[in-house]
Number of protein chains: 2
Amino acid sequence: MSKEMTAAIIGGGVIGGGWAARFLLNGWNVRIFDPDPQAQRKVGEVLDNARHALPMLYDYAMPFEGVLSFHDTLEQTVEDADWIQESVPERLEMKHRVYAEIQAVCREDAVIGSSTSGYKPSELQQGAARPGQIMVCHPFNPVYLLPLIEVVATDASDPAIVDRAADILTSVGLYPLRVRKEIDAHIADRFLEAVWREALWLVKDGIATTEEIDNSIRYGFGIRWAQMGLFETYRVAGGEAGMKHFIDQFGPCLQWPWTKLTDVPELTDELAQMIADQSDAQSGHLTIRQLERKRDGNLIAMMRALKQQGNASGRLLNEHEKRLRPVLEPDNPLVSLRRVIPTDWTDVNGHMNEGRYGQIFSDAAEEVMAFVGADDAYVAGGLSYFTVETVTKYLAETHAGEAVEIHSRVTEGKGRKLRCLHEMRRASDGEILATCDQLMLHVSLETRRTCDPGPDVAARVAALAAAHEGADR
Amino acid sequence: MSKEMTAAIIGGGVIGGGWAARFLLNGWNVRIFDPDPQAQRKVGEVLDNARHALPMLYDYAMPFEGVLSFHDTLEQTVEDADWIQESVPERLEMKHRVYAEIQAVCREDAVIGSSTSGYKPSELQQGAARPGQIMVCHPFNPVYLLPLIEVVATDASDPAIVDRAADILTSVGLYPLRVRKEIDAHIADRFLEAVWREALWLVKDGIATTEEIDNSIRYGFGIRWAQMGLFETYRVAGGEAGMKHFIDQFGPCLQWPWTKLTDVPELTDELAQMIADQSDAQSGHLTIRQLERKRDGNLIAMMRALKQQGNASGRLLNEHEKRLRPVLEPDNPLVSLRRVIPTDWTDVNGHMNEGRYGQIFSDAAEEVMAFVGADDAYVAGGLSYFTVETVTKYLAETHAGEAVEIHSRVTEGKGRKLRCLHEMRRASDGEILATCDQLMLHVSLETRRTCDPGPDVAARVAALAAAHEGADR
């Protein structure tokens, strides 16, 4: 948006606050109307979360924030606004009253979006002065992070306003999903409702607890769906035989007893063909093998992201990895690390990003630290080594999937200093891919200043430095 | 596992191949039996994928692979095996026949796991010589990456064998979900079936295409579920009012028209309380604010992972980010980059990992490159700069959420050389957090060797070096 833009947020709870944050952090001015005396505090809490979180998604700074203001009247709030978002409680007569007040003063070309999950746009438009500018724009919590907005219009909608709504949503980093026909609960909430009903049964019947159900989702299909959704996932599962074959196979399952409680669409050949055709249009430009590689790359990158956070399937990886950590042999040099280069370490040049060399040498240094007794327990006790300078030479390219080893020598180990010379070698042929001369200083994690290491660590650092002295380079 | 372990894989399709890969890459010997003449090729393809993907999950090397062998008889395959995994077609009488053959020769304490999604363990155990060792171990595709295994036993099961099965699954990086009572389709597939039915209706009724449905999942609740599943997500949504309050609120929705097609459990106060109690046991040790931060950290890290892969919601981020990329001003120094430090850049010391300094300086260098004309189009044309040496000084700690700027000067810009001195400054007070002296050489992306830059780029590099010469440091 080149000119200054203004959003009016009607109803400032978690959802309204999320909309406010999304616009504000993208440079829009945001006006808020909510008669709740707690509104300012509640919106402030959502904004705190959003200001912390949303800018982290991007590798560039976001625009300067717009101006945030709270207003006592709806009139002041919506006057001249480009976008008006209604997130009041799910009572239709209240929404109708609010729209009447808004339309008495708002611009005729403004978007009036409703966050409703319970009403169809035709219901919202009933009795409105200008039904054409009212539509469903249904977000997902947290609104400041998740991109999906279900945009639902009717035949009475003004196509120009709906198109502009979609453009505006895209401009603030959201994804407008244009729902083709209105339907109760739109799309995603119908899935959520179906799963919720099933989950209630499972808890009620003592099949699983809430935690076990959450685990059944996040350790399996949940993370699969985060990247491909339902149909593309099944397309991959179906393999080279194709989507039509996969759907046809699925037919009998629909008659199984575990679906007896529900009405089921008849899986006619026509419906199977329609799904296969749509799937071809969606993913047909990639072979199954390419889709598998894409899926696996996504899963690896997301699971490694959760590993870094220490949560969900990443917590499982951290637990399992404890079994993989080797005991180092006191060799010269130390083989401080052996690993495979993961897909999330590469960049647009198709090779390992130079930042990841820093990470792998840092990981190697942690192993050297552990070897001299500056291990996790020592760090938990408030002492550690911090890196103050590195000299890195990049000698050859490194690619995802390659196995590498780090060979480390302690070249200085007196007082507060610990200096290592690391070589990263390709495991298959021993070629040196990079070297790093790394100077670390011993620090107190309390004062964040340098201090002497404990006597055991000092002795073991000195011994290692002596053992590595004068070795052939 | 300290001693050598052997898995027998009966049925070598995508699922059986995935089991084979999971065991083999964790150091087990794996024997495969499948009369399909294509079995060796099919398993080989799954193994190719798995060997590429699974080791990338870990920051240590995996164990040496065990021995893989294909066998002509079931007897040879299962003899002395510690684990026998049956993944034959979903026909009960065939499974019974296979179990009879297996039990005629296998160890009495071996685990016999079935990959079935369609049969309950009591059905599998019917007529078996030793029903106690047969259980459901239901995996999710790709088995070599996703950790979930639904373990379902019966009263006839040997508890010692079921416990050992769970230990073995954990030892190869899987997550055994012990299902409390057997039920058709176990747990996760009930959810999948519910969503699949709803999706068929939506396609049939022309509400959305397969691609739109996939987008409605992966841009919204799909990525939310990848980290918290269903109940913990709703616990966060419910806020400080608590889970019981949230469930009570949900009651009326179950009566709404969009659920009219299905049977619904009566949401008694007793059921609501049971769910609330289980949720407290699961997540009650964290406040809602802590859960929100945890959720947001997970979402940010996963969305950034997808951004690096360029897929799903990460593709949307890359698109939106194009709008955020600023045009650099020809200042001395160049302000080459402004950004916020994301949560996935920090390490166990609670500050930015030294590897990420390398990444941010590399990103800054890319902006300098673009400024002198070595932009994306230039790189696509087969020419680029590669970093050959960096000297990085770490002057102060940097934390997630901090805004920083990179100030860059070109200190050498002749021939094939491009040398930059970068300073990373905290945006709030200008403190220098780190510096990087970065030497790049111009390369041909075809030969991967140095070569002269194009004349335009050479001229602009030289001009920038002249403009930055002798400036105050």
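Quick caveat: nothing in here was measured; it's all calculated off a predicted structure.

Colleague: Explain the overall build of chain A to me, please; I cannot follow it from the model alone.
Modeller: The secondary structure content of chain A amounts to 16 helices and 13 strands. Considering only C-alpha atoms, chain A reaches an extent of 90 × 60 × 45 Å along its principal axes. Burial analysis of chain A (473 residues in total) assigns 60% to the buried set. Taken as two groups, the 49 positive and 70 negative side-chain charges of chain A have centres that lie 4 Å from each other.

Colleague: In this structure, what is going on with helix α2 (residues 39-53) of chain B? I would like to understand it.
Modeller: Residues lying three or four places apart along an α-helix face the same way, a consequence of the helix completing one turn every 3.6 residues. All names here are of chain B. In a regular helix each residue adds 1.5 Å, so 15 residues correspond to 21 Å; α2 covers 21 Å between its end C-alpha atoms and thus fits that length. Along α2, the positions that sit buried rather than exposed are A39, V43, V46, L47, N49, A50 and A53. Buried residues of α2 fall within an arc of 160° about the axis and therefore sit on the same side.

Colleague: Can you walk me through the interface of chain A and chain B in this structure?
Modeller: Many authors give the size of an interface as the accessible area that is lost as the parts come together. In this assembly, 173 residues from chain A lie in contact with 173 residues from chain B. Where chain A meets chain B, there are 16 salt bridges. Note that A:R289 and B:E45 form a salt bridge whose closest N and O atoms lie 3.2 Å from each other. Our enumeration of links across chain A and chain B arrives at 91 residue pairs in polar contact (both at pLDDT 80 or more). Looking at the side of chain A that touches chain B residue by residue, the classes come out as 87 nonpolar, 44 polar and 42 charged. In this sheet, strand β10 (residues 383-394) of chain B lies alongside strand β10 (residues 383-394) of chain A in antiparallel orientation, the contact comprising five bridges. Across the sheet, the residue bridging to A:V391 is B:V391, located in β10(B).

Colleague: Help me understand unusual backbone geometry, please; the structure alone is not making it clear to me.
Modeller: Note: most peptide bonds trans; most residues except glycine with negative phi. Residues and elements named next belong to chain B. N141 connects to P142 through a cis peptide bond whose omega is -5°. Here P142 is to be found in the loop between β6 (134-139) and β7 (148-152). Following N332, the chain continues to P333 via a peptide bond in cis, the omega torsion being 0°. Relative to the helices and strands, P333 is located in the loop between α13 (313-322) and β9 (334-340).

Colleague: Looking at this model, I keep getting lost on the confidence of the model for chain A. Mind explaining?
Modeller: Detailed reading of predicted coordinates is not advised where the pLDDT is low. Model confidence for chain A is summarised by a mean pLDDT of 91, while 95% of its residues fall at 70 or above. Of the two predicted TM-score estimates for the complex, the pTM is 0.90 and the ipTM is 0.90.

Colleague: In this structure, what is going on with the pattern of salt bridges? I would like to understand it.
Modeller: Side chains bearing opposite charge may pair, as long as their charged atoms lie close to each other. Scanning the model with the defined rule gives 66 salt bridges over all chains in all. The partner of B:E198 in a salt bridge is A:R190, with the nearest N and O atoms 2.7 Å apart. One end of the pair, B:E198, is in helix α7 (residues 188-204); the other, A:R190, is in helix α7 (residues 188-204), on a second chain. Overall, A:R190 belongs to the buried group, its relative accessible area being 12%. The closest approach of N and O atoms between A:D280 and A:R235, which form a salt bridge, is 3.1 Å. Residue A:D280 is found in helix α11 (residues 269-283), and its partner A:R235 is found in helix α9 (residues 231-238); the two are separated by 45 residues along the sequence. The structure contains a network of salt bridges with shared partners spanning A:D59, B:R304, B:K307, B:E321, B:R339 and B:D344.

Colleague: Can you help me understand the packing of aromatic side chains in this one?
Modeller: What describes a pair of aromatic rings is the distance from one ring centre to the other and the angle between the planes of the rings. Residues and elements named next belong to chain A. Tallied over the full model, the rule gives 23 aromatic pairs over all chains. Ring centres of F23 and W83 lie 5.8 Å apart, and the angle between their planes is 50°; this geometry places the pair in the tilted category. Linking F23 in helix α1 (residues 14-24) with W83 in strand β4 (residues 83-86), this pair joins segments that are 60 residues apart in sequence. We classify F23 as buried; its relative accessible area is 0%. When its relative accessible area of 0% is taken as the criterion, W83 is described as buried.

Colleague: What's the story with the relation of the copies chain A and chain B in this structure? I'm lost.
Modeller: Two chain copies here: they are related by a rotation about an axis and a translation along the same axis. The transformation that overlays chain A on chain B combines an axial shift of 0.0 Å with a rotation of 180°, and the residual RMSD is 0.1 Å. Such a combination of turn and shift is consistent with a two-fold rotation axis. Most of the interface of chain A is mirrored in chain B: 100% of its interface residues are interface residues there too.

Colleague: What should I look at first to understand the state of the cysteines in this one?
Modeller: Any covalent bond linking the sulfur atoms of two cysteines counts as a disulfide. Residues and elements named next belong to chain A. This structure, assessed with the given rule, holds zero disulfides over all chains. Looking at C106, it has no disulfide partner, and the nearest cysteine sulfur is the one in C137, 14 Å off. Take C106: its relative accessible area is 8%, and that puts it in the buried class. Unpaired in this structure, C436 has its nearest cysteine sulfur neighbour in C420, at a distance of 9.0 Å. Of the residues examined, C436 reaches a relative accessible area of 2% and is grouped as buried.

Colleague: Sorry, what's going on with the sheet that holds β9(B) here?
Modeller: Read from one edge to the other, the open sheet built from ten strands follows the order β9(A)-β11(A)-β12(A)-β13(A)-β10(A)-β10(B)-β13(B)-β12(B)-β11(B)-β9(B), with strand pairing classed as antiparallel. Unpaired on one side and paired on the other, β9 (334-340) of chain A together with β9 of chain B mark the two borders of the sheet. Looking at each pair of strands side by side, their axes are set apart by 25° on average, direction ignored. In terms of strand pairing, strand β12 (residues 417-426) of chain A meets strand β13 (residues 432-444) of chain A through nine bridges, oriented antiparallel. Looking at the pairing, A:M424 lines up with A:A434 of β13(A). Packing of helix α16 (residues 455-468) of chain A onto the sheet brings it into contact with β9, β10, β11 (403-412) and β12 of chain A, and relative to β11(A) it is tilted by some 100°.

Colleague: When you look at the sheet that holds strand β7 (residues 148-152) of chain A in this model, what are you seeing that I'm missing?
Modeller: Each strand in a sheet pairs with another by means of backbone hydrogen bonds, the pair being arranged parallel or else antiparallel. All names here are of chain A. Here eight strands make up an open sheet; going across it, the order is β3-β2-β1-β4-β5-β6-β7-β8 and the pairing mixed. A strand with exactly one partner marks an edge of an open sheet, and here the two such strands are β3 (68-71) and β8 (175-179). Averaged over all neighbouring strand pairs, the angle between strand axes comes to 25°, with direction disregarded. In the sheet, strand β1 (residues 6-10) pairs with strand β2 (residues 29-33) via five bridges, with the strands oriented parallel. What sits directly across from A8, in β2, is R31.

Colleague: I tried to follow helix α11 (residues 269-283) of chain B on my own but got confused; where do I start?
Modeller: Residue and element names in this part refer to chain B. Between its first and last C-alpha atoms α11 spans 21 Å; for 15 residues at 1.5 Å apiece the expected length is 21 Å, and the two agree. All of the buried residues along α11 are L271, A272, I275, A276, Q278, S279, Q282 and S283. Each buried residue of α11 sits inside an arc of 165° when the element is viewed along its axis, so together they form one side. For α11, exposure combined with an orientation more than 90 degrees from the buried face picks out D269, E270 and A281.

Reading guide: rules and limits
- Within each chain, residue numbers correspond to sequence positions counted from 1 in written order.
- As a convention, the first chain written is A and the first ligand written is 1, with the rest following in written order.
- A pLDDT threshold of at least 70 governs which residues receive local features in this predicted model, and a stricter bar of 80 or more applies before side-chain atom pairs are shown or counted, although totals over entire chains, interfaces and linings include all residues.
- Water and hydrogen atoms were dropped before computing side-chain values, which therefore reflect all heavy atoms in the structure.
- Secondary structure counts use DSSP, requiring at least four H or I residues in a row for a helix and at least two E residues in a row for a strand, with both numbered from the N terminus.
- Only protein chains enter the calculation, and the probe is 1.4 Å; a residue is then buried if its accessible area is under 20% of its type maximum, exposed if over 50%, and partly exposed in between.
- We score Asp and Glu as negative and Lys and Arg as positive, and we do not count His or the chain ends.
- By convention, the charge on Lys lies at NZ, on Arg at CZ, on Asp at CG and on Glu at CD.
- Helix span, as expected, comes to 1.5 Å for every residue beyond the first.
- Each C-beta atom gives one direction from the helix axis, and the arc is the one those directions make.
- We call two residues in contact whenever any of their non-hydrogen atoms come within 4.5 Å of each other.
- Salt bridges are defined by distance alone: a side-chain nitrogen of Lys or Arg within 4 Å of a carboxyl oxygen of Asp or Glu.
- Here a polar contact means two N or O atoms within 3.5 Å. Within protein one must be a hydrogen donor candidate and the other an acceptor candidate, and residues neighboring in sequence count only if both atoms are side-chain atoms.
- All amino acids are sorted into three groups, where Ala, Val, Leu, Ile, Met, Phe, Trp, Tyr, Cys and Pro are nonpolar, Asp, Glu, Lys and Arg are charged, and the leftover types, Gly among them, are polar.
- When DSSP finds two or more bridges between a pair of strands, those strands are recorded as paired.
- On a scale of 0 to 100, pLDDT captures the predictor's confidence in every residue.
- What counts as a ring pair is set by centres within 6.5 Å for rings of Phe, Tyr and Trp (its six-membered ring), and what kind of pair is set by the plane angle: stacked under 30 degrees, edge-to-face over 60, tilted for all other angles.
- A least-squares superposition brings the copies together, and it is based on the C-alpha atoms of residues with pLDDT no lower than 70 in both.
- Any two cysteine sulfur atoms lying within 2.5 Å of each other are counted as a disulfide.
- Lines fitted to C-alpha atoms define the axes, with helix axes restricted to the stretch in contact, and inter-axis angles between N-to-C directions lie between 0 and 180 degrees.

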